[in-house]
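Take a look at the letters that make up each chain.
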Amino acid sequence: MAVSWRSWLANEGSKHLFLFFWLSLNVWLFWKTFLLYYRGLQYYYLHQMLGLGLCVSRASASVLNLNCCLVLLPMCRVLLAFLRGSQKVASRKTRRLIDKSKTFHVTCGVTICIFSVLHVAAHLVNALNFSENYNEDFLAINAAHYRGEDPRKLLFATVPGLTGVFMVLVLFLMCTASTYAIRGVLKYQTNLEEHPPGCFNPNKTLRENMTVPKAFEEPFPNHTTEPFPEDLSVPEPFVQNNFMRICSEEPKFQSHFPETWFWISGPLCLYCVERLYRYIRSNKPVTITSVISHPSNVLEVRMIKDDFEARPGQYVILHCPRVSGLESHPFTLTMCPTDTKATFGVHLKVVGDWTERFRDLLLLHSNQDTEILPIFQQRRYPKLYVDGPFGSPFEESLNYEVSLCVAGGIGVTPFASVLNTLLDGWKRYKLRRLYFIWVCRDVESFRWFADLLCMLHDKLWQENRPDYINIQLYLSQTDGIQKIIGEKYQALNSRLLIGRPRWKLLFDEIAKCNRRKTIGVFCCGPNKISKILHKLSNSSNSYGTRFEYNKESFS
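Keep in mind that what you see is a predicted model, and the values were worked out from it rather than measured.

Before going further, it helps to spend a moment on a positive patch on the surface. Together, Arg6, Lys512, Arg515 and Arg516 make up a region of like positive charge exposed at the surface. Take lysine 512: it is sitting in helix α16 (residues 503-513). According to the relative accessible area criterion, lysine 512 is partly exposed, its value standing at 47%.

Further remarks concern the UniProt feature "transmembrane region" (unreviewed entry) in the chain. Under the feature "transmembrane region" (unreviewed entry), the UniProt entry names residues 16-39, 59-83, 104-125 and 154-182. With 100% helix and 0% strand, residues 16-39 has its two end C-alpha atoms placed 34 Å apart. Taken end to end, residues 59-83 is 76% helix and 0% strand, and its first and last C-alpha atoms sit 33 Å apart.

Backbone hydrogen bonds are what pair the strands of a sheet, in a parallel or an antiparallel way. Pairing within the open sheet is parallel, and its 6 strands lie in the order β15-β14-β13-β12-β16-β17. Looking at strand neighbours, the two that pair on one side only are β15 (496-498) and β17 (546-551), the edges of this open sheet. Pairs of neighbouring strands in the sheet enclose a mean axial angle of 20 degrees, with direction left out of account. Judged from the 7 bridges that link them, strand β12 (residues 402-408) and strand β13 (residues 433-440) form a sheet pairing that is parallel. Each residue of the ladder has a partner; that of leucine 404, found in β13, is tyrosine 435. Of the strands in this sheet, β13 and β14 (469-475) are in contact with helix α14 (residues 450-462), which crosses β14 at around 150 degrees.

Turning next to the pattern of salt bridges. With the rule as written, the count across this model stands at 13 salt bridges. For the salt bridge of aspartate 387 with arginine 281, the shortest nitrogen-to-oxygen distance reads 3.4 Å. You can see aspartate 387 sitting in strand β11 (residues 385-390) and its partner arginine 281 sitting in helix α11 (residues 260-281), a full 106 residues away along the chain. Its relative accessible area of 24% is what places arginine 281 among the partly exposed residues. Between arginine 546 and glutamate 548 there is a salt bridge whose closest N-O contact spans 3.4 Å. The exposure class assigned to arginine 546 is buried, which follows from its relative accessible area of 18%. Taken together, the shared-partner salt bridges in this structure form one network comprising Arg278, Arg281 and Asp387.

Let's shift gears to the environment of leucine 497. Mapped onto the elements of the fold, leucine 497 is located in strand β15. For leucine 497, a relative accessible area of 36% translates into the label partly exposed. Spatially, the C-alpha atoms of leucine 497 and tyrosine 474 are 4.8 Å apart, while their sequence positions differ by 23 residues. For leucine 497, the residues in contact, after removing those within four places along its chain, are Leu473, Tyr474 and Leu475.

Looking at the chain as a whole, the pLDDT averages 75, with 69% of positions reaching at least 70. Least confident of the elements in the chain is helix α9 (residues 180-183), whose mean pLDDT is 40; most confident is strand β8 (residues 315-319), at 92. Low confidence marks residues 173-184, where pLDDT is under 50. Its contacts with residues over four positions away, or in another chain, come to 36 contacts. Low pLDDT (under 50) marks residues 365-377, which in the prediction has 15 contacts with non-local residues, meaning those over four places away or in another chain.

The next thing to look at is the packing of aromatic side chains. Evaluated as defined, the whole model comprises 19 aromatic pairs. Centroid distance tyrosine 315 to phenylalanine 390: 5.6 Å. Interplanar angle 45 degrees. Geometry classified as tilted. Pair noted here: tyrosine 315 is in strand β8 and phenylalanine 390 is in strand β11, with a separation of 75 residues, a long-range link. Note on tyrosine 315: relative accessible area 1%, which makes it buried. On the basis of an interplanar angle of 50 degrees and a centroid distance of 6.3 Å, the ring pair of tryptophan 438 and phenylalanine 449 is categorised as tilted. Here tryptophan 438 is found in strand β13, whereas its partner phenylalanine 449 is found in the loop between β13 and α14, with 11 residues between them in sequence. The residues tryptophan 438 and phenylalanine 449 share a single accessibility class, namely buried. The structure contains a cluster of three or more aromatic residues connected by ring pairs, namely Phe394, Tyr400, Phe415, Phe436, Trp438, Phe446, Trp448, Phe449 and Phe522. Directly above the ring of phenylalanine 390 sits arginine 77, whose terminal nitrogen or CZ lies 5.7 Å from the centroid.

Let us look at the sheet that holds strand β7 (residues 298-304). Ordered by their spatial adjacency, 6 strands build an open sheet running β6-β7-β10-β9-β8-β11, and the pairing between neighbours is antiparallel. The open sheet terminates on both sides in strands that have one partner only, identified here as β6 (287-294) and β11. Taken pair by pair, the neighbouring strands of this sheet meet at an average axis angle of 35 degrees, ignoring direction. Where strand β9 (residues 329-335) and strand β10 (residues 344-349) come together, 2 bridges link them in antiparallel fashion. Looking at β10, one finds that leucine 333 is bridged to valine 346. Of the strands in this sheet, β6, β7, β8, β9 and β10 are in contact with helix α12 (residues 353-362), which crosses β7 at around 60 degrees. With respect to the sheet, helix α13 (residues 413-424) is in contact with β9 and β10, its orientation differing from that of β9 by roughly 30 degrees.

The subject of this paragraph is unusual backbone geometry. Omega for the peptide link from glycine 388 to proline 389 comes to 10 degrees, which places this bond in the cis form. Checked against the element boundaries, proline 389 lands in strand β11. One non-glycine residue, asparagine 464, lies in the positive phi region at around 60 degrees. Turning to its location among the elements, asparagine 464 is positioned in the loop between α14 and β14. Exposure remark for asparagine 464: the relative accessible area of 64% places this residue in the exposed category. In this structure, arginine 516 is a non-glycine residue whose phi angle is positive, near 55 degrees. Of note, arginine 516 is situated in the loop between α16 and β16 (518-524). Residue class for arginine 516 comes out exposed when judged on its relative accessible area of 70%.

Scoring rules and cut-offs
- Residues numbered from 1 in each chain as written.
- Predicted model: local features only at pLDDT ≥ 70, side-chain atom pairs only at ≥ 80, totals over all residues.
- Heavy atoms only, no water.
- Patch = residues over 30% accessible without salt bridge, like charges linked within 9 Å, V, L, I, M, F, W, Y side chains within 5 Å.
- Areas by Shrake-Rupley, 256 points an atom, 1.4 Å probe, with all protein chains shown as cover.
- Salt bridge = Lys/Arg side-chain N within 4 Å of Asp/Glu carboxyl O.
- Lys, Arg positive; Asp, Glu negative; His and termini not counted.
- Charge placed at Lys NZ, Arg CZ, Asp CG, Glu CD.
- Helix = DSSP H or I, 4+ residues; strand = E, 2+ residues; numbered from the N terminus.
- Buried < 20%, exposed > 50% of the residue type's maximum accessible area, 1.4 Å probe, protein only.
- UniProt positions renumbered as here; feature names shortened; annotations may be inferred.
- Pairing = 2+ DSSP bridges.
- Axes fitted to C-alpha atoms, helices over the stretch in contact; angles between N-to-C directions.
- Contact = heavy atoms within 4.5 Å.
- pLDDT = per-residue confidence, 0-100.
- Phe/Tyr/Trp six-rings, centres within 6.5 Å; stacked < 30°, edge-to-face > 60°.
- Lys NZ or Arg CZ within 6 Å of the ring centre and 35° of its normal.

Below, the structure is given as structure tokens:
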């Protein structure tokens, strides 16, 4: 299966280009900071004492600052949803790049962990060098109190050391260098003009260790550079190019002002403001209008909330205090509010403790199915809070001329909202042909949205557009029952196939029917199916058709 460079660039190009830019920025920042502490005159004496440990610790700290600045941005869900839905991001490639925000967040997190280990290891070397290279001439930059002091005292008996050990234990080492107490250990020289690095002070050094020549009997002018006397031999670095560097005062050192807060304060404030906005927006509970128990342990919850707006393909986060005061879970909207109805809903599969407790609270009898009850007959439901909606890749399914939607089991939920939207009216969207593939293990699962599929099928036939949607239902496991129960589902019974899709033949058929077009591929289901579709989307075909791959990912 040959890879098409055109399809590969469409699916992977922008992602790898952004990754290359981010990686280059990290390398440049690391190397720039490394050279600053390796060659910088203001760090001359500190480098002489600590060596490469100083350069590595500060260079890794700069990479940590950058990634700590970026790691929170992909978690600003409201901001990402706004950018996706606004006209300011007109490029579909840019909007698809936003879908990789979770991957970028994880990448930044892994980078922070790696460079945190490097940062701490370099500081351990620095603690050892502070002890072994203690210098009485420069007491201001010595973290140790005397030569040979136990480095463990610097780690466990000082504020910087204790803080560093604590951060190692909680795996958040990037914050170690953010406090003033820690940054105060490493100092830089401030009086470079009066005391050039490597100079000597004849009023101190030479008189203490050497016989002062006649040339030095007169007072020295302030910071002069003159030919070195022939009768005095002074080794490097006091002599450079046969000239001596004379200092007029002792070096002065100053601690760095904390830099980490400059990097993280902006994203942190943005994230906090967004969290506050989300809390205010979701503070009012929704009104649950109905609860329906579907086959195969699937529960449908329909709700109403004032001023709630959502686009097909988006998801919300549900929080039920009676189930858990701390847990919240994302669920894709299967029904969005429209101009004619304010109801929106979600389908959730009952797997795990949270969904089981939630089901028990919603249903009159957890082991029996219930139908929609009139408002006056309904029980009193528990308080339910909805945070969202938030953007997802499936919003783009209506922006392609041709879309291929592949669902596996309960992964059909994001496409249900798209189908509901098309049922209300399809002419205002760019989409002109939809291939809908749904794979389930048992035939009862198709009943979750059988009514919706039949209504959409009948509507399109009445409008003389039977080719608008191509429905294919696959039953991967069968016990002899090969039809959906009920005469009203005849339109679906004829589209029910036994076995698994032959994906390569399916892609070839779609490419043949849509020559030289760009087709959006959307998948929500098992990773095995996702990997196959991703690989096929990057493969070449003889019809000039390009497939752009999109996958569900809750950020």
